[in-house]
Amino acid sequence: MIKHDVVIVGSGLAGMRAALETCQGLNVGILTKVYPTRSHSGAAQGGIAASLGSTEPDSWEEHMYDTIKGGDFLSDQDAVEEYVKAAPGVIYDLEHKGCIFSRTPDGKIAQRAFGGHSKPRACFAADRTGHNILHALHEQLIKHSERVKIYSEWFMHSLIIEGNRCHGVVVSDIQTGAVEVIQAKAVIFCTGGYGRVCKITSNAFASTADGVMAAFHAGIPLEDAEFVQFHPSGLYRQGILFSEAARSEGGYLVNGKGERFMDKYAPSRMELAPRDIVARAEQSEIDAGRGVNGEGYINLDLRHLGAKRINERLPQIRQLGLDFIGVDCVDEPLPIQPTAHYSMGGIPTDKYGQVIIDAEGTPMEGFFAAGECACVSVHGANRLGTNSLLEAVVFGTRSGKAAYEYAKNASFGSIDEGREKTRVLKVFEDIFQRDGSESYNDIRNEMKEVMTTNCGVFREESKLKHCIETLKNLQFRYKKGKVTDRGKLFNTELYEIIELGNMLEMAEIISTAALNRKESRGGHFRSDHPKRDDENFLKHTLVYPGKDELDIKYKPVVITKHQPTERTY
Amino acid sequence: MSKFKIKRYNPEKQAEAYFEEFDFEIPEGATLLDCMNHIKWTMDGSFTFRMSCRSAICGSCAVRVNGHATLACQKQAVDLLKKDEVVLEPLGNMKPMKDLAVDFTQFWDKVNKVNPYLKSPSTPPEKERLQSPEEFKLIDDASTCIMCGACYSDCNVLEVDENFLGPAALAKAQRFVSDTRDENTLERVKNLSEYGGIWDCTHCAECVERCPKPAQPFYRIKEIMTVALEKGVHDNVGARHALSFVDSVKHSGRLNENKLPVESMGFFNIKGLLELVPVGLRMLLKRKVPPIFHKSIDDVQDVRRIFRKLNQ
């Protein structure tokens, strides 16, 4: 049995930041199913928010209000306040740790405007902000390698829970297939999002809901799962991200008739309205037959920015266009459509990253979560661009601190190693024993298709019901899947099958939560209930595993400074 | 119909690697990674490779295509066809583990060796350390490296000397050598001038060809060399070799092949000089010895004018 004071699952921004916090005096293990530098945080392009005021005066109060309004008043305001107050310090700390940022002519960290922010608040490094922070944090892990052990290409299968306390995780080494138990005084989940349930998504192949489903299987509810963010600029058909920075640098959205259409939807902010509004505007244009050439896309036009500015501020985007579709955005517009991008919901935590299991705030002791897999909830019903990197770093740090304080005084629990290992080995064996004829590829494609079509930008009761039914059928077919590789060594097929199992359940949770929220708020839009309904739905959804069906409960939103008002831009 | 000829290897089944062919029509717009997944998901689920972001930023899916390392997600498959065939192999200079997945242990060990983190012992200011856009530019290219291993795979030096740190680790090192916030430049360039470091690069620039990003390691290595010479870190074979080279061309317009090895090794480096003797003898036997009396070229004045122009 492997033993660490603290074990962290996931090594993106939140995970590595948590590791740096806990390793000051404790023995830490950090686990990733890829390599730390391959984490999906690295794909974040545009920026990280903080009210530094490098170019225009700014304040945490304004950042707080923008975030709450952007989130359609579903954010817990006590958490938002601490989060935006921490932001400038977090950025300076990253800078001190060696992170590379683009600079103003006088040497300060440069900032640019982003959707839904009333001030230029996005600190950035060209259009590689996530990548630069990810690598800077990895450098720090290397610096502290004596105190942090990195387990690259290890998969986390389940949590070990006794009563109300977490004692560790059951994992396996992808390279060798060996199943191990990691015993820990505290466990921190930083396992990212689950956009891979959709066909059109900006998410990496690794974003498959493993962390949130492990928590769910341990009896922990998932909060606000219906709030999936659709990013307005995904590459047509592929979903690969073209950063919001493209619009913040001045890019236009143009429909098939050659019109800039955002004046119809958000006249004061145009292309820089929050993402939910822009994504719906685009989808409305497409659905009304005003897509380019009558097809399912619209254009992102950057030509007027000129080659110099594009090369300086958006070099990666230009290269992506060239590599993936042979379009040079200096001369031609880029074809885009809304793409599933970010999961606002997740494992419920308090503002210290402590996982809580009900509406009363009862903690699951020794279990913490941060980043996209967690729901604090600072983003409410819709996250503003550049607020996710900030969330990962702020709550990575805070959960690390909280886990450190907890683990310092806690002792190791007792674990039945054999029993825990057997459970996972049984999952392996069960998959290997299947001699079914169903293709996992077909099941995966059908899940993605039904989610994008029926649980996408626009939703309604009949579609969601159809979606849930289809998913249940796919879950049934999943048990009769066909396996090719029964080896122990580097069996990527096996892990993809396990990931698919997690996603099929996650998709059902998302669509069930969406069916039960009979209103429209932020990223969740019900065509049959197009208005926000504060009277009945100013509350967070909690989905629990039930006996046969999923069990849905709600909990109130924490409102401190800002009463909900109608949201206009 | 296109043919994907793929090197398969699974030590659980058989000791030797072999090629297997998969034929299908490449769908319009499919990247190489899309095609690899098509094979995995519909033809042979045991086919093993790494992938994650499929947007050229995570660095997982580097493989060798038609003999050269490339990022699978970044290339349109049709562009890689050679007579309707694409040959896929694991990255070079690393041990294959299964099919196209290779062991990255040594790669990361070498990155760790260059102390790849900012060393700035003085207390940082309350806010950010100032850094001009020009200073940012010095480290911006190196910072685009995604650690995909494409450069490492095709590095010609690594093929013969596994002690070489390799292009990726050295590019990473440049990012700190040239960072105005780092206070350890001299020690860094001294370490990087040791055996296995910058001076062991043979300037073939293969890494520049293979790099999928603007990181382009060879140019970064050259930048470290420049800083090393500026900082007076001459006390090593590589730096002396470079300086002797420059000196010779400056004075005669051509290379003095008699002086170069001696100056590179150092006049008082008896052991090193003795090591040169067998090479010299072999050259003698093969009649490859340069003329004993070194002559200048006719237009040596022009060469000297160029050096003056370059302020050397």
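Residues numbered from 1 in each chain as written. Chains lettered and ligands numbered in written order. Predicted model: local features only at pLDDT ≥ 70, side-chain atom pairs only at ≥ 80, totals over all residues. Heavy atoms only, no water.

Chain B is annotated in an unreviewed UniProt entry as succinate dehydrogenase of Candidatus Nitrohelix vancouverensis. Of the comments in the UniProt record for chain B, the one headed Sequence similarities (unreviewed entry) reads "Belongs to the succinate dehydrogenase/fumarate reductase iron-sulfur protein family." Its UniProt record gives chain B the following Pathway (unreviewed entry) comment, quoted word for word: "Carbohydrate metabolism; tricarboxylic acid cycle; fumarate from succinate (bacterial route): step 1/1." (UniProt positions renumbered as here; feature names shortened; annotations may be inferred.)

Chain A has the name Succinate dehydrogenase flavoprotein subunit in an unreviewed UniProt entry, where Candidatus Nitrohelix vancouverensis is given as its organism. In UniProt, chain A has this text filed under Sequence similarities (unreviewed entry): "Belongs to the FAD-dependent oxidoreductase 2 family. FRD/SDH subfamily." The annotation that UniProt attaches to chain A under Subcellular location (unreviewed entry) is "Cell inner membrane".

A. How the structure looks around the overall build of chain A. Broken down by element type, chain A carries 15 helices and 20 strands. On C-alpha atoms alone, chain A measures out to a radius of gyration of 22 Å, which is about the 25 Å that the 2.2 N^0.38 rule sets for 569 residues. Taken over the C-alpha atoms alone, chain A extends approximately 65 × 55 × 50 Å along its principal axes. For chain A, with 569 residues in total, the buried portion stands at 68%. At a minimum sequence separation of 6, the contacts of chain A that also span at least 24 residues come to 74%. When the accessible area of chain A is evaluated, it comes to approximately 18300 Å², of which 48% is carbon and sulfur surface. Of the side chains in chain A, 68 bear a positive and 77 a negative charge, and the two mean positions are spaced by 1 Å. (Helix = DSSP H or I, 4+ residues; strand = E, 2+ residues; numbered from the N terminus. Rg over C-alpha atoms; globule rule 2.2 N^0.38 Å. Buried < 20%, exposed > 50% of the residue type's maximum accessible area, 1.4 Å probe, protein only. Contact = heavy atoms within 4.5 Å. Areas by Shrake-Rupley, 256 points an atom, 1.4 Å probe, with all protein chains shown as cover. Lys, Arg positive; Asp, Glu negative; His and termini not counted. Charge placed at Lys NZ, Arg CZ, Asp CG, Glu CD.)

B. Focus on the domain arrangement of chain B. Partitioning chain B into structural domains gives domain 1 (2–89), domain 2 (103–231) and domain 3 (237–311). The C-alpha centroid of domain 3 of chain B is placed 28 Å from the C-alpha centroid of domain 2 of chain B. (Domains from an automatic or database assignment.)

C. How the structure looks around the pairing of strand 19 (residues 539–544) of chain A. All names here are of chain A. Where burial is concerned, most of strand 19 is hidden: five out of the six residues are buried. Two strands pair when backbone bridges link them, and strand 10 (residues 222–223) and strand 19 are joined in this way by two bridges, in the antiparallel orientation. When the sheet's bridge partners are listed, Glu223 is paired in strand 19 with Leu542. Relative to strand 20 (residues 551–556), strand 19 runs antiparallel, the two sharing six bridges. Its bridge partner being in strand 20, Lys539 is matched across the sheet by Pro556. Count of turn residues in the strand 19/strand 20 antiparallel hairpin: six residues. (Pairing = 2+ DSSP bridges.)

D. Just the sheet that holds strand 12 (residues 252–254) of chain A, in detail. All names here are of chain A. Strand order in this open sheet of four strands is 11-14-13-12, and the pairing throughout is antiparallel. Because the sheet does not close on itself, it has two edges, and the strands there are strand 11 (228–235) and strand 12. The average undirected angle you get between the axes of adjacent strands in this sheet is 45°. Where strand 12 and strand 13 (residues 298–301) come together, three bridges link them in antiparallel fashion. Bridge pairing in strand 13 places Tyr252 opposite Asp301. Contacts from helix 9 (residues 315–325) reach strand 11 and strand 14 (334–343), with the element oriented near 110° to strand 14. (Axes fitted to C-alpha atoms, helices over the stretch in contact; angles between N-to-C directions.)

E. Broad picture of the environment of Asp328 of chain A. Residue and element names in this part refer to chain A. The topology assignment puts Asp328 in the loop between helix 9 and strand 14. C-alpha separation for the pair Asp328 and Met156, spaced 172 residues apart in sequence, amounts to 41 Å. Residues in contact with Asp328, not counting those within four places in the same chain, are Arg318 and Leu322.

F. Molecular detail of the packing of aromatic side chains. If you walk through the whole model with that rule in mind, you get 20 aromatic pairs over all chains. With 5.9 Å between their ring centres and 40° between their planes, Phe218 of chain B and Tyr219 of chain B make a pair best called tilted. With a relative accessible area of 8%, Phe218 of chain B lands in the buried category. The partly exposed category is assigned to Tyr219 of chain B, whose relative accessible area is 36%. Site record: aromatic cluster; members linked through ring pairs are Tyr35 of chain A together with Phe104, Phe107, Trp108 and Tyr152 of chain B. The lysine or arginine in question, Lys3 of chain A, covers the ring of Phe412 of chain A, its NZ or CZ lying 4.7 Å from the ring centre. The ring of Trp60 of chain A carries the charged tip of Lys85 of chain A above its face, separated from the ring centre by 4.6 Å. (Phe/Tyr/Trp six-rings, centres within 6.5 Å; stacked < 30°, edge-to-face > 60°. Lys NZ or Arg CZ within 6 Å of the ring centre and 35° of its normal.)

G. Region of the structure containing the nonpolar core. All names here are of chain A. One finds Val169, Phe189, Ile347, Phe367 and Met506 to be the most contacted residues of the largest nonpolar core, which totals 84 residues. In terms of residues, this core owes the most to one element, helix 14 (residues 492–516), which gives 14 residues. Built from parts of two domains, this core gets at least three residues from each of domain 1 (2–46 + 129–227 + 342–415) and domain 3 (418–530). Filtering out sequence-adjacent residues up to four positions away, Met506 remains in contact with Tyr194, Val197, Ala209, Val212, Met213, Leu222 and Ala225. (Core = buried A, V, L, I, M, F, W, Y, C linked by side-chain atoms within 4.5 Å.)

H. Structural view of the interface of chain A and chain B. Facing 60 residues of chain A, the contacting portion of chain B comprises 63 residues. Surface buried jointly by chain A and chain B totals about 5100 Å² across both partners, of which 53% is contributed by carbon and sulfur atoms. Here chain A is connected to chain B by seven salt bridges. Arg129 of chain B is the partner of Glu95 of chain A in a salt bridge, and the nearest nitrogen-oxygen pair spans 3.4 Å. The biggest single contributor to the side of chain A that touches chain B is helix 4 (residues 129–143) of chain A, with eight residues. A per-class count over the side of chain A that touches chain B returns 18 nonpolar, 25 polar and 17 charged. (Buried area = accessible area lost by both parts, 1.4 Å probe. Salt bridge = Lys/Arg side-chain N within 4 Å of Asp/Glu carboxyl O. Nonpolar A, V, L, I, M, F, W, Y, C, P; charged D, E, K, R; others polar.)

I. Here's a closer look at the UniProt feature "active site" (unreviewed entry) in chain A. Residue and element names in this part refer to chain A. Within this structure's numbering, the places UniProt gives as "active site" (unreviewed entry) are Arg275. Mapping Arg275 onto the fold places it in helix 7 (residues 275–290). Setting aside chain neighbours within four positions, we find Arg275 in contact with Phe114, Gln229, Phe230, His231, Pro232, Glu244, His341, Asn382, Arg383 and Gly385.

J. Spatial organisation of the domain arrangement of chain A. Residue and element names in this part refer to chain A. The domains assigned to chain A are domain 1 (2–46 + 129–227 + 342–415), domain 2 (231–338) and domain 3 (418–530). The centre of domain 2, based on its C-alpha atoms, is set 31 Å off from the matching centre of domain 3. Facing seven residues of domain 2, the contacting portion of domain 3 comprises five residues. Counting each side, the surface lost to burial between domain 2 and domain 3 is near 450 Å², with a carbon and sulfur contribution of 73%. By the criterion of area lost to domain 3, the three top residues of domain 2 are Asp276, Arg280 and Gln283, representing 76% of everything that side buries. Connecting domain 2 to domain 3 are zero salt bridges.

K. Representation of unusual backbone geometry within the structure. Omega for the peptide link from Val376 of chain A to Ser377 of chain A comes to 0°, which places this bond in the cis form. Along the chain, the position of Ser377 of chain A falls in the loop between strand 18 (374–375) and helix 10 (387–409). A positive phi angle is found at Asp99 of chain B, which is not glycine, with a value near 45°. Here Asp99 of chain B shows up in the loop between strand 6 (96–98) and strand 7 (101–102).

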